[in-house]
Structure formats: structure tokens, C-alpha cells
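# Understanding the architecture of this molecule
The residues making up each chain are set out below.
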Amino acid sequence: MLMQETTHATASALMGGYSPLAMIVIDPFTDQLLAANPAACELLCIEQLCTEQTGIEQGMPLAAPFSHRLSASLPLWVSFTDEALVQKTAWSDDLVILDMLRQPYRVEVYAQCIEDSEQLLLTLIDRNKAEQRRAKAELGRQHRQGEVGWQRVEQVFERIEKQNQLILGAAGEGIYGLDAEGKTTFVNPAAERILGWSTEDMVGHDAHLMFHHTHADGSQFSVQQCPIHASFSDGQVHHVDNEVFWHKNGEAIPVEYTSTPIFEMGRLVGAVVLFRDIRERKRAEQQLRDALAEVETLKQRLELENEYLQEEIKAELNHRDIVGNSPAVAQLIKQIEMVAPTSANVLISGESGTGKELIARAIHAGNARSDRPLIRVNCAAIPRDLFESEFFGHVKGAFTGAVQDRPGRFELAHGGTLFLDEVGEIPLELQSKLLRVLQDQQFERVGDNRTRKVDVRVIAATNRELRDMIEAGHFREDLYFRLNVFPIDSVPLRKRIEDVPLLARHFLHRACLKFNKPGVRIPPAQLEILQRYPWPGNIRELENVIERQVIVTQDRRLVFDDLLLSEPPRSLSRNNSVHSVAHSSWQQSEAPLLTEHALSQRQQESTIAALSKAGGKVSGAGGAAELLGIKPTTLASRLTKWGIDPREFRKRKPHLSSKSHALD
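Let me begin by describing the structure that accompanies this report. (Residues numbered from 1 in each chain as written. Predicted model: local features only at pLDDT ≥ 70, side-chain atom pairs only at ≥ 80, totals over all residues. Heavy atoms only, no water.)

### A word on helix α28 (residues 632-642)
For clarity, the cut-off: Each residue gets one of three labels from its accessible area relative to the maximum for its type: buried under 20%, exposed over 50%, partly exposed in between, using a 1.4 Å probe on protein chains only. Strands here are runs of E lasting at least two residues and helices are runs of H or I lasting at least four, both read from the DSSP assignment and numbered beginning at the N terminus. The directions from the helix axis to the C-beta atoms form the arc being described.
Within α28, burial applies to T634, L635, R638, L639 and W642. The buried residues of α28 occupy an angular sector of 135° when projected down its axis, which confines them to one face. The exposed residues of α28 that point more than 90 degrees off its buried face are T633, T640 and K641. With its phi angle positive at about 75°, G643 sits one or two positions after the end of α28.

Listed below in C-alpha cells is the structure:
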């Protein structure tokens, strides 16, 4: 019953469907289009299925909500319908309605609340057609009054030019006008000065083809993509802050511009373009970018230098850290004191772990360059393709991944010292460039043609025999002589075995501080074991062994018995001087020499004697480990290795076996 009353009210409201104005009925609460007359169906592209009796569309209401036809006008629609429901009438010319094909229409809307219902009768008027009708009516009135009606577009611009001649002439920005076809209609003096084209050159010609035809990179600038010409179609103001106009002499002029459309009697007849030459601004911006890039480069350099300086501070750099009182160390310190004050290049040769970097730092510390950083380059750790960039730096875009300028190690070491560790690993093709830097103190960054000067002292180190590499064609002889101005041999630890106790105590002190374990000591018997070991890893291995034992010790006494079990003392048979130093006390007492097998046999016998005396007890007070002076875990490991079960000794009386007495 209610639906019938609504339909009847709708039919009456639409006046039988014969109104020339577009009229629709809307239910704002259900958001539905309930009815539309033929004019509204035509405006909104709705198929008409109207009956002859009522003129009401049989397909109403439409399934889609009416708000889908309002696009961005939805907030205005809500306030508009509220006003209509409260005031019973409302009017607006701000709404934009989309037809069924999603085409927008600017409309004037008259709303009237239908009596005894919450539905609205809307009358829609297409604003574009209404403005055209009003313009046509205005023209008719002007003709009837004897006035000149529709003026030609060129006359519009002439009038603008005459009225604003003084303003145009005084303006510092370039100003020119265009008609709807893109042809120039007027030009002010500033535009002539900036572009180099005279008024006679420009007026009547296509401005885009004359000075806006190409992008800054030389690529073609289609007129269909031009924001200035876009003003002719969309009637909007367009502002662009980074394009170029082309001077008459072919120079690209950076500009920013604003294109404003001109309407005459509701018709778009052209545009006015105001532009500004921004070359000075661009130069200032580029100078600022260059300055910021330079600041960033200096910042990076200072950060890198700071890292190296922090390393130097932590390393406590001076030759006093070269611990030892052997003749080899005394000779080494003498060489350092001789060469350190000079600027001569130094080549340090020696096995890995002998402290070549410590020697280099001591040389640097004794030179006037010590207030500048010592820059270390581990040549063995640099990928082959990155050697040149690492040594000499690169500029932005020099290769994939070069996203910014970066100084190289030579540049960072300017005024200081460059330490080339493992110099024998430098690729042969880069050695010539390194030689040039050593000879001329000049280089170029990768991807750059600017030659840079540096003042760098080079200290090189290697654990390889460079002479053999020269004969094999893997190292340049001229580079070898350039580096080997002052050669220093870093003596392996097995050739100065008398320094082991001093080094061990030195590393023990540092390890105790490092791991916060004070009071740890090395028994004299264990120092003797350290002197008997050949130390194939040299000083680095000794330091690592000390640190490892400091970490694992439970009774603040370091034990190194496992060293001789894992590595036979090869150096004893190869070096008589080492043997005499390591076993001087044995020689004085004329103790017999023991083979490794005999030494192991005696160790087993001593262990069996201790187990017998302790009654098979391994750890704790009075246990075999305590009697032997070793850790229980070490004893347990040996028993497992030898296949000895301590339980076999628990029933024996705690006295030495006959085999043990024989050993005594």
C-alpha cells in the first residue's frame, strides 16, 4: 500500500513525463533513484522504458546507489539534501553528476521535498548548456543595443596588450600570450630579452615549435604533452618549475612558468604564460650541491681517519711493544730507530704472525708523520676487481654500485703512512699504477680524469718470497726495488725462543685485563713447555694459546701439556741454537735426550704411578691429577687416549709399583 502511494506521488511529481527539464525523484535515506522523466533519462543516458499512461520508468528504482553518480561531490550532496529536507526547498550549482557512462556534468539542481514523504523531486539543468544559452541571449541584447558583439580572439589580446602595456613593459618576468591554436599574440620586452626572439619573430607563430620543442636532454617534446597547451583543453592553471625554453642561438634556458587560461564570454580563447629565467638559481643550487658533496667527502674522510686513529690508540703504538731481549729483537729495534725518522719506503718480510704490522706501526710512530693516520690495506682481502677503487677511490657512476664519490686509501693516507700488508697479492696489472704513485705521488680516481697529488710514505709487508715471484713473472722487479729501499726481516719465534717467557707474561697480563681474570700465573714448568714448542703460527699463535688458557683455567694456573701432544717439536732437530736455548738447563745437568715415543712412554708410566699412589682417584685432593700437576679433564683425556681404566687401581695399595720405582 505504501509503495503504491509512493509511485502515485512520483508520477504526479514528474507531471506525466512531458517536462522539457530533467527531473528525477530521489529517496535520500535509501540512496535510490526512484524515477526519472525522459529529459533526465537522456541527460543521464538511462534507457527509457516509460509507459504511455504515467511516463514512469518501469526499471526503477535502479540497483546501484544514487551516491555512485556523485563522484567527489558526495559531501556537497549530503549537506544539500539535509537542507532540502529541513527547508523543503534547496538550490545548488556546485554539484557534478556522472551519467551511466561515467561522464561528468556540472549541473544546477533545484530540490523540492515531496509532500507527505521523505523523497525529493530534483530538477537538473546542464550548466554548460545554460551558460551557452545565456551567452547567446547576451549577444542578442548587445546586437539589439547597437554594440559590437562577438569580438575576434586577436582583438581580445590587443585590448589586453593596450590596457596593460605599462605593466608588461615593466615586468622583470617574461610574459607572452597564446590563442587557442597555440600561436603567439603578444610578447613583453622581458620575454624578448630572455629568449632572444623579437616580437615580430614570435607574434603569429607557434610558440611551442619555436622555443619549447625539446626537453633539456634533447629529446622531442610533443605538443600533446605540453602543460601550456593543456590549459586550452582543461581550462586549468598549470605551474612547472623545471623545464627549458630554447634561446634563438640554440642555448637551453632553465625556466619556471605558469600558464593561465583566458575565458571570454564563457569561451576559452587562449592563455597567458608568465616565465622566469632560473639560470642563476640553478647555478646556485649546483654550487650548493657541489659544496655539500665536498663536505660529505671530507666527512667520510674524517670518519675513516678517525677509525684508523682509534685503532692506533687501542694498539698503543710504539716500538716498546716489541717485546723481547734476544739479539734478533735488539737488531730489529736498531733498524726501526734508523729508518723511522726518514721518509724511505720499507719492505718487511717474514712469516705470518711474526708482528709485521707492529713493526710498521713502530716505524710510523717514530716519524714526523705520526700525527697523521697509519692507513692499513690488507691486499689479500681485497677482491681483484676492486683493487684500483680501494687504492685510488672512485667517482659517482664509475661502475655499478658507485652511488657516490669515495676517496681511496692513498688519499686517506695523505700526509701520513700507508701500510700495504701482503703486498705480494696485488694483481700484476695494478702494479704499474702503484709504481707510478710511488714515483710521482700522483693518481686518478676510477672514472675521473683529474690528477690528484699525495704525500704518502709506503711501508709494505709480505710473507712470500718476492724474488721467486719476480722470476715467475708475477711481480714487477721495478716495483720491488721501489718498495725495498730499506728491508727488514721479521724473525720467526722459533729463532728467538728465549723471548717466549717475556712474550708469554706480556700476553698473560693483557689477557687477564681483557677477560677480567686477575691473578692467573704460568708455572715455571709450563714456561719450559712453551719453549719446547716450535710455534708454527709464531707470536700470533702464542697470544691465542695464552688467551685460550686464561679463558678455560679454573685454578688460576695455566697448563700447556697438550701442546707437545698435538705438535712434535720439529724445530729442535732443525735448529741447534734453538735447542741449546730451550734446553740449556737439561744440557747442564747432562740429561739424556728422549724421542717422542720415549717421552710419551714415560708420561704413561708416570700417570700409572700417580693412579697407583692415589688409589685410582683422578680428581680432588690427593688425586692423580693433583699429584701430576695437571687438570683432571686433561688427565681424563689422556686415560681415554691410552685406554687406561682408573678403577683398576682402586684395590691396590697406595704405593709405587716396581715400574714406578724403576723410573725414580
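### Notes on the pairing of strand β5 (residues 104-113)
Along any regular strand the residues' side chains alternate between the sheet's two faces. Put simply, the rule is: Strands are labelled as partners when DSSP assigns at least two bridges between them.
Sheet topology note: the strand β3 (residues 89-92)/β5 ladder contains four bridges and is antiparallel. Its bridge partner being in β5, A90 is matched across the sheet by A111. The pairing of strand β4 (residues 96-98) with β5 spans three bridges and is classified as antiparallel. The residue of β5 that forms the bridge with L98 is P104. Hairpin connection of β4 to β5: five residues between the antiparallel strands, including R102 at a positive phi of 70°. Of the pairings in the sheet, the one linking β5 to strand β6 (residues 120-126) comprises seven bridges and is antiparallel in character. The residue of β6 that forms the bridge with Y110 is T123. Linking two consecutive strands that pair antiparallel, namely β5 and β6, is a turn of six residues; a positive phi of about 60° is found at D116 within it.

### Points about the sheet that holds strand β11 (residues 267-277)
Heads up, the rule is: Angles run from 0 to 180 degrees between N-to-C directions of axes, and those axes are lines fitted to C-alpha atoms, restricted for helices to the stretch in contact. When checking whether two residues touch, look at their non-hydrogen atoms; a contact exists if any pair is within 4.5 Å.
Spatially, five strands are ordered β8-β7-β11-β10-β9 in an open sheet, and the strand pairing comes out antiparallel. Strands at the two margins of the open sheet, each flanked by one partner only, are β8 (184-187) and β9 (238-246). Here the strands of the sheet are splayed against their neighbours by 30° on average, with no regard to which way each runs. Packing against the sheet, helix α10 (residues 227-234) makes contact with β7 (174-179), β9, β10 (252-264) and β11, and its axis sits at approximately 135° to β9.

### Things to note about the pairing of β6
Among the seven residues in β6, seven count as buried, and that is most of the element. Burial along β6 is two-sided: the face carrying L120, L122, L124 and D126 and the face carrying L121, T123 and I125 are both buried. Across five bridges, the pairing between strand β1 (residues 22-27) and β6 is antiparallel. Within β6, the position partnered with I24 by the bridge is L122.

### A few points about the pattern of salt bridges
Where we set the bar: By definition, a salt bridge exists where a carboxyl oxygen of Asp or Glu is found within 4 Å of a side-chain nitrogen of Lys or Arg.
Considering all chains together, one arrives at 30 salt bridges under this definition. The shortest N-O distance in the salt bridge between R494 and E351 comes to 2.5 Å. Of the two residues, R494 sits in the loop between β20 (486-490) and α19 (500-515) while E351 sits in the loop between β12 (346-350) and α13 (356-365), which places them 143 residues apart along the sequence. The class of E351 is partly exposed, set by a relative accessible area of 28%. Linked through salt bridges whose partners overlap, the residues forming this network are E173, E256, R276, R281 and E285.

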